[in-house]
Amino acid sequence: DSQRQGLLKGLLAALSFGLSAPLISTLTKAGSPLALAGLLYGGSALALLAAKTVLRQTANQESSVKRQDLGMLFLLTLIGGIAAPICLVSGLALLSAGSASLLLNLETVFTMGIALLVGEEHLGRKGLAAAALILAAAVIIAAGGTSGTTLQGALLIALACLGWGIDNNISQRLSIRDPIQIALLKSIGASVPMLLVAKCTGAPFPTPGEAGVILVIGAFGY
């Protein structure tokens, strides 16, 4: 049914994004956080453009973005597409890949918390217990219980997760629109400004080979 399909697609998205974090951590010294984040969403934009071209051959009944959606789309891009990835790349440079990957589970907690407080959604006891365990693990990691962690790195990852928690809740409100169009506008709106600012400010960029790898990571993970 549609609910099962949604769960499977959500799991696949989580798996793809989860794989991207340890890969990004090996490239944090290749360039500035701004350049790396811009390239990640650049890869996403290229993949979505290709997908949009392929799917154009089939009937698409999805509703296009409307003018009244632009405010939420702007917030989506600013918070989830620009601020959160910069925090992620900066945090990955200060943490071990394993610790950072565990901390990324905070995205689930923030998403649920915002949905409960703002969306007035209901969460059962199992969900609350899971959220409490994730928070407990995050506190242990932030306290330096795992090798290679720093408080600053943990806070940066937590800020990235908060940004994506907001992103997820805004995305849910836009779910009646064409998902590829939403994701494409977000990716272009995030990557182009970040790359332009990085270039204009003289921020270091990765080599062409490293940039290609980052684009591929963005294409599959973002």
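Residues numbered from 1 in each chain as written. Predicted model: local features only at pLDDT ≥ 70, side-chain atom pairs only at ≥ 80, totals over all residues. Heavy atoms only, no water.

Asker: I tried to follow the overall build of the protein on my own but got confused; where do I start?
Answerer: The helix and strand tally for the protein stands at 9 helices and 0 strands. Radius of gyration (C-alpha) of the protein: 18 Å, near the 17 Å computed for a compact globule of 222 residues. Each of the three principal axes of the protein carries a C-alpha extent, and together these read 50 × 50 × 30 Å. Considering only contacts within the protein whose residues lie at least 6 apart along the sequence, 91% involve residues at least 24 apart. Taken as a whole, the protein presents about 12,300 Å² of accessible surface, with 68% of it coming from carbon and sulfur. Positive and negative charge centroids in the protein, built from 13 and 9 side chains respectively, lie 3 Å apart. (Helix = DSSP H or I, 4+ residues; strand = E, 2+ residues; numbered from the N terminus. Rg over C-alpha atoms; globule rule 2.2 N^0.38 Å. Contact = heavy atoms within 4.5 Å. Areas by Shrake-Rupley, 256 points an atom, 1.4 Å probe, with all protein chains shown as cover. Lys, Arg positive; Asp, Glu negative; His and termini not counted. Charge placed at Lys NZ, Arg CZ, Asp CG, Glu CD.)

Asker: Sorry, what's going on with the layout of surface pockets here?
Answerer: Leftover empty space is mapped by rolling, across the atoms, a probe with the size of a water molecule. Approximately 2,000 Å³ is the volume attributed to the largest pocket. If you trace the largest pocket, you find 45 residues lining it, with Lys9, Gly10, Ala13, Ala14 and Asn168 closest to the centre. At the level of secondary structure, the elements contributing two or more residues to the lining of the largest pocket comprise α1 (2–25), α2 (33–55), α5 (106–117), α7 (151–173), α8 (179–200) and α9 (208–221). No other element matches the 12 residues that α1 contributes to the lining of the largest pocket. Among the residues making up the lining of the largest pocket, the classes are represented as 22 nonpolar, 16 polar and 7 charged. (1 Å grid on protein atoms, 1.4 Å probe; cavity = no way out; pocket = protein on both sides within 12 Å on 5 of 7 lines; lining within 4 Å. Points joined across faces, edges and corners; volume = space filled by probe spheres on them. Nonpolar A, V, L, I, M, F, W, Y, C, P; charged D, E, K, R; others polar.)

Asker: Sorry, what's going on with the pattern of salt bridges here?
Answerer: Opposite charge on two side chains permits them to pair, given that their charged atoms come into close proximity. Per the stated rule, a full pass over the model turns up 3 salt bridges. Across the pair aspartate 69 and arginine 177 runs a salt bridge, and its minimum N-O distance is 2.7 Å. Here the residue aspartate 69 occupies a position in the loop between α2 and α3 (70–92), and arginine 177 occupies one in the loop between α7 and α8, the gap between them amounting to 108 residues. Aspartate 167 is paired through a salt bridge with lysine 186; the nearest N and O atoms lie 2.4 Å apart. Placement of aspartate 167 in helix α7 and of lysine 186 in helix α8 is noted, with a sequence separation of 19 residues between them. The exposure class of aspartate 167 is buried, given its relative accessible area of 4%. Residue classification places lysine 186 among the buried residues on the basis of a relative accessible area of 11%. (Salt bridge = Lys/Arg side-chain N within 4 Å of Asp/Glu carboxyl O. Buried < 20%, exposed > 50% of the residue type's maximum accessible area, 1.4 Å probe, protein only.)

Asker: Sorry if this is basic, but what is going on with the packing of aromatic side chains here?
Answerer: Aromatic rings considered in pairs are described by the distance between their centres and by the relative angle of their planes. On inspection of all chains with the given rule, the structure shows 3 aromatic pairs. When the ring of tyrosine 41 is compared with that of tyrosine 222, the centres are 5.1 Å apart and the planes differ by 85°; the resulting orientation is edge-to-face. Taken together, the residues tyrosine 41 in helix α2 and tyrosine 222 in the segment after α9 connect sequence positions 181 residues apart. Classification of tyrosine 41 by relative accessible area gives buried; the value is 3%. Note on tyrosine 222: relative accessible area 22%, which makes it partly exposed. Members of the aromatic cluster, connected to one another through ring pairs, are Phe17, Tyr41, Trp164 and Tyr222. (Phe/Tyr/Trp six-rings, centres within 6.5 Å; stacked < 30°, edge-to-face > 60°.)

Asker: Explain the confidence of the model for the protein here, please?
Answerer: Close inspection of predicted coordinates is inappropriate for parts of the model with low pLDDT. Here the protein averages 86 in pLDDT, while 93% of its residues score no lower than 70. Helix α6 (residues 125–142) is the least confidently modelled element of the protein, averaging 78 in pLDDT, while α9 averages 95, the highest of any element. (pLDDT = per-residue confidence, 0-100.)

Asker: Mind showing me how you'd approach the environment of histidine 122 here?
Answerer: Note that histidine 122 resides in the loop between α5 and α6. Along the chain, histidine 122 and serine 25 lie 97 residues apart, while their C-alpha atoms are 36 Å from each other.

Asker: Can you help me understand α3 in this one?
Answerer: For an α-helix, 3.6 residues make a turn, and residues three or four places apart therefore share a direction. A rise of 1.5 Å per residue sets the reference length of α3, with its 23 residues, at 33 Å; its end C-alpha atoms lie 31 Å apart and thus fit the reference within 8%. For α3, the principal kink sits at alanine 84 and spans about 30°; a proline, proline 85, occurs within the next four residues. (Expected span 1.5 Å × (residues − 1). Bend = angle between axes of the 7 residues up to and from the residue.)

Asker: What is the right way to look at the packing of α1 against α3 in this model?
Answerer: The N-to-C vectors of α1 and α3 enclose an angle of 50°; their axes lie 9 Å apart at closest approach. In this view, α1 runs oblique relative to α3, as classed from their interaxial angle. At the point where α1 passes α3, the crossing takes the right-handed sense. Side by side, α1 and α3 meet where Phe17, Ala21, Ile24 and Ser25 of the first sit next to Leu88, Val89 and Leu92 of the second. (Axes fitted to C-alpha atoms, helices over the stretch in contact; angles between N-to-C directions. Parallel < 35°, antiparallel > 145°, perpendicular 65-115°, else oblique. Left-handed = near helix turned anticlockwise from the far one by under 90°.)

Asker: Got a minute to help me understand the side chain of serine 25 in this structure?
Answerer: Following the sequence through the fold, serine 25 ends up in helix α1. Among the polar contacts made by the side chain of serine 25, one reaches the main-chain carbonyl oxygen of proline 22 at a distance of 2.5 Å. With sequence-adjacent residues up to four places away left out, serine 25 is seen in contact with Leu92 and Ala97. (Polar contact = N/O pair within 3.5 Å; in protein donor to acceptor, adjacent residues only side chain to side chain.)

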